[in-house]
Amino acid sequence: MTLRLGLLGAARITPAALIYAAEAVPEVALQAVAARDPPRAMAFAADHGIPHVANDYAALVERDDIDAVYIALPASHHLLWVERALDAGKAVLCEKPLSGNAPALRALLARRAQRPGDPLLMEAMHYRYHPLWGRVQALSDAGTLGALKALTMHFAVPHIPAGDIRRRFATAGGALLDLGIYGVHMFRSLLGDPLTVQHAKAVVLEDAVDEQFEGVMTHPAFPGLTATVTASMAPDTPLAAWFEIEGTEGRLRVDNPVAPQLGHELRLERAGETLRESVDPTPSYCYQLQAFADAVKTGQRPPTDGQDALATATVLDALYAAAGLAPRPAYPA
Ligand SMILES: NC(=O)c1ccc[n+]([C@@H]2O[C@H](COP(=O)([O-])OP(=O)(O)OC[C@H]3O[C@@H](n4cnc5c(N)ncnc54)[C@H](OP(=O)(O)O)[C@@H]3O)[C@@H](O)[C@H]2O)c1
């Protein structure tokens, strides 16, 4: 059965995260797109061979000829359109972060729990579906590294221009929410919940947006372990994404766990030897879209469903609070 998708927003990420990925997932058909500005949506549809354009987001989610939507809007706009789409009976793949803050997502999930048979909701935490992460999990679980002592994730993306959604509080901007979210999710993926925030600090722009963030967490089931996330969108930081696990028996470093398709390396140092490997250059977005299509078809919860996103958002809120910052907005002003 074909899964007919509608796209909310003619976003910059959509070609990479969805349109090219759809070429590798034959059961997905791109059916329609909507943007705030209909001529922009028309141009986007023409560029990418999308057959239909809806007048606005509301018209898109109500279309009878789509089964699911992909939401690539500012984080401050996600929940509004998630709920409108679910109300219209559409499954939802929503960009990360699913919500600007945890309480708003908790309230939405509580409302949806009253509706048995609600359509599927999945947060687009794409790295989680790539075999590279499967390999990291397997090495961590197999005891290869001994007892886990420290996890570290660093993600820095410079050149985010002024005015970008990531640089404004009203659109739920901030380095932690945009970039550090991956580290928090990776820690949760390996350790489970709950992560406990120990301390955090941020370099803050005038609009209460964290341009740089550092947070340290622990976990009650792993005494002595620290999990440290650093995220930066400072113009002078080099572009970098890496994840490291230090154990009593060895160390694992993964360069580029977030977008393995752009080149990655997994380096295991153990017993005086260094093993280097790479896993699979297929984009994480292809695995993500396949997982979404499979979950819609089977009705099985994907690992990055709404409850999973809520657990991540809870840690992110606690990190912001520890740095003396307010939670981000989860709805448009
Ligand atoms: N998975 C990944 O690897 C990845 C990478 C980058 C971004 N993302 C996520 O994808 C989402 C979109 O990111 P992006 O970089 O693609 O963003 P973007 O292109 O700057 O904006 C996305 C869309 O949001 C709407 N928009 C922009 N500014 C707005 C405003 N001030 N108020 C209301 N709507 C506004 C626009 O919709 P219209 O087209 O309708 O005008 C725009 O196309 C974010 O949640 C981000 O975290 C994910």
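Residues numbered from 1 in each chain as written. Predicted model: local features only at pLDDT ≥ 70, side-chain atom pairs only at ≥ 80, totals over all residues. Heavy atoms only, no water.

Let's talk about the pattern of salt bridges
A full pass over the atoms with the stated rule returns 24 salt bridges. For arginine 115, the salt bridge is made with aspartate 87, and the minimal N-O distance between the two is 3.4 Å. You can see arginine 115 sitting in the loop between helix H5 (102-113) and strand S6 (121-123) and its partner aspartate 87 sitting in helix H4 (residues 78-87), a full 28 residues away along the chain. In this structure aspartate 87 comes out as partly exposed when scored by relative accessible area, which is 42%. For aspartate 118, the salt bridge identified is with arginine 112, shortest N-O distance 2.7 Å. On the accessibility criterion, arginine 112 (6% relative accessible area) is buried. A single network of salt bridges, built from pairs that share partners, joins Glu83, Asp87, Arg111, Arg112, Arg115 and Asp118. (Salt bridge = Lys/Arg side-chain N within 4 Å of Asp/Glu carboxyl O. Helix = DSSP H or I, 4+ residues; strand = E, 2+ residues; numbered from the N terminus. Buried < 20%, exposed > 50% of the residue type's maximum accessible area, 1.4 Å probe, protein only.)

A closer look at the site of the ligand
With respect to spatial proximity, 24 residues lie near the ligand, and among them Arg36, Arg40, Tyr57, Arg166 and Tyr285 are the closest. A distance of 2.7 Å separates an oxygen atom of the ligand from a polar atom in the backbone of arginine 36. One of the side-chain nitrogen or oxygen atoms of aspartate 178 is found 3.3 Å away from an oxygen atom of the ligand. Its residues placed into classes, the shell around the ligand shows 11 nonpolar, 5 polar and 8 charged. (Near = heavy atom within 4 Å. Polar contact = N/O pair within 3.5 Å; in protein donor to acceptor, adjacent residues only side chain to side chain. Nonpolar A, V, L, I, M, F, W, Y, C, P; charged D, E, K, R; others polar.)

Brief notes about the sheet that holds S6
Ordered by their spatial adjacency, 6 strands build an open sheet running S3-S2-S1-S4-S5-S6, and the pairing between neighbours is parallel. With partners counted over all chains shown, the strands left at the sheet margins are strand S3 (52-53) and S6, one partner each. Examined bridge by bridge, strand S1 (residues 3-8) and strand S4 (residues 68-71) share 4 bridges and lie parallel to one another. Bridging from a neighbouring strand, leucine 8 pairs with isoleucine 71 of S4. (Pairing = 2+ DSSP bridges.)

Quick notes on the packing of H5 against helix H9 (residues 306-322)
It is the contact of H5 with H9, at a shortest axis distance of 8 Å, that shows an interaxial angle of 155°. Relative to H9, the element H5 is oriented roughly antiparallel. With respect to the hand of their crossing, H5 and H9 are arranged in left-handed fashion. The segment H5 lies against H9, with Ala102, Pro103, Leu105, Arg106 and Leu109 engaging Gly306, Gln307, Ala309, Leu310, Ala313, Thr314 and Asp317. (Axes fitted to C-alpha atoms, helices over the stretch in contact; angles between N-to-C directions. Parallel < 35°, antiparallel > 145°, perpendicular 65-115°, else oblique. Left-handed = near helix turned anticlockwise from the far one by under 90°. Contact = heavy atoms within 4.5 Å.)

A short note on unusual backbone geometry
Note that the residue after lysine 96, namely proline 97, is joined by a cis bond; omega there is -10°. Checked against the element boundaries, proline 97 lands in the loop between strand S5 (91-94) and H5. For alanine 172, which is not a glycine, the phi torsion comes out positive at approximately 60°. In this structure alanine 172 comes out as buried when scored by relative accessible area, which is 7%. Not every positive phi belongs to a glycine, and asparagine 256 is a case in point at roughly 65°.

Details of the side chain of histidine 185
Locating histidine 185 in the fold gives a position in helix H7 (residues 175-191). For histidine 185, a relative accessible area of 2% gives the class buried.

Focus on the domain arrangement of the protein
Split by domain assignment, the protein resolves into domain 1 (3-125 + 293-302) and domain 2 (131-281). Between domain 1 and domain 2, the C-alpha centre-to-centre distance is 27 Å. With 9 residues of domain 1 at the interface, the matching set in domain 2 holds 11 residues. Roughly 850 Å² of surface becomes buried between domain 1 and domain 2 when both sides are summed, with 67% attributable to carbon and sulfur atoms. The interface formed by domain 1 and domain 2 includes 2 salt bridges. For lysine 96, the salt bridge identified is with aspartate 178, shortest N-O distance 3.1 Å. Between domain 1 and domain 2 we count 3 residue pairs in polar contact (both at pLDDT 80 or more) in total. Taken together, the residues of the side of domain 1 that touches domain 2 break down into 4 nonpolar, 2 polar and 3 charged. (Domains from an automatic or database assignment. Buried area = accessible area lost by both parts, 1.4 Å probe.)

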